[in-house]
Amino acid sequence: MADSNRSLNTVTRAIFGPEPVTTRTGYLLCVGCRERESCQFGIISNETLEGGKVRTLLRCPANFAGGPKVAHGGWVSAVLDEMLGHLSLYENKFSVTSSLAVDYHRPVPVEDDLEGYAWGEKRDGERWHVVGELYLIGPNTLLARAKGLFIERDISHFERHKEWLQNQGKD
């Protein structure tokens, strides 16, 4: 089932709004990407595969180059975090990153077709142990692999964060 065809559940609507903004291929855009109407990380689309695995098509934008025609390692970890963070939404849950470890296997080319895969390894209550991999399309070369721990939160998570910031003297 393509990301654009999945039903928008209550958690998705609470996080992304009653009328979420998506790319033309249906990828849900976060708050930071809504105005530009495209994913700043270069994610094009998602597709749910058998067994709950999610396939993501993407390209590293040139502005995330860390070297000549090579993606910055920060982009690699950020895009893997984004892919893994969307997994819980498919089960009407909201989770946030607790930890993320990335193994870099090969340099990631900029402005080239990539695909990522994300899946859950196990769940311990509110703790989601997840894995993601990034590949170069064509030779199907593994470029990076991430293991993460995501913690389920309720939809008041952002309100609690806002209150915490106010208590720190930040508006």
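Each remark here, short or long, concerns the structure printed above.
Heads up: these notes are all about the structure in this document. (Residues numbered from 1 in each chain as written. Predicted model: local features only at pLDDT ≥ 70, side-chain atom pairs only at ≥ 80, totals over all residues. Heavy atoms only, no water.)

This part covers the packing of aromatic side chains. The final tally for this structure, using the stated rule, is two aromatic pairs. Ring geometry for Phe-41 against Phe-64: centres 6.1 Å apart, planes inclined by 45°, an arrangement best described as tilted. You can see Phe-41 sitting in the loop between helix H1 (10-16) and strand S1 (43-48) and its partner Phe-64 sitting in the loop between strand S2 (54-58) and strand S3 (65-67), a full 23 residues away along the chain. Residue Phe-41 is classed as buried on the basis of its relative accessible area of 17%. Judged by its relative accessible area of 21%, Phe-64 falls in the partly exposed class. Relative to Tyr-135, the ring of Tyr-117 has its centre 6.0 Å away and its plane inclined at 75°; by these criteria the two rings are edge-to-face. Of this pair, Tyr-117 sits in strand S6 (residues 114-124) while Tyr-135 sits in strand S7 (residues 127-136), and the two are 18 residues apart along the sequence. The class of Tyr-135 is buried, set by a relative accessible area of 15%. Its end group placed over the ring of Trp-119, Lys-53 keeps NZ or CZ at 4.6 Å from the ring centre. (Phe/Tyr/Trp six-rings, centres within 6.5 Å; stacked < 30°, edge-to-face > 60°. Helix = DSSP H or I, 4+ residues; strand = E, 2+ residues; numbered from the N terminus. Buried < 20%, exposed > 50% of the residue type's maximum accessible area, 1.4 Å probe, protein only. Lys NZ or Arg CZ within 6 Å of the ring centre and 35° of its normal.)

Right, let's get into the pairing of S1. Bridge count for S1 against S2 is five bridges, and the pairing is antiparallel. Along S2, the bridge assignment pairs Ile-43 with Leu-58. Counting the residues in the hairpin turn of S1 and S2 gives five residues, including Gly-51, whose phi is positive at 75°. (Pairing = 2+ DSSP bridges.)

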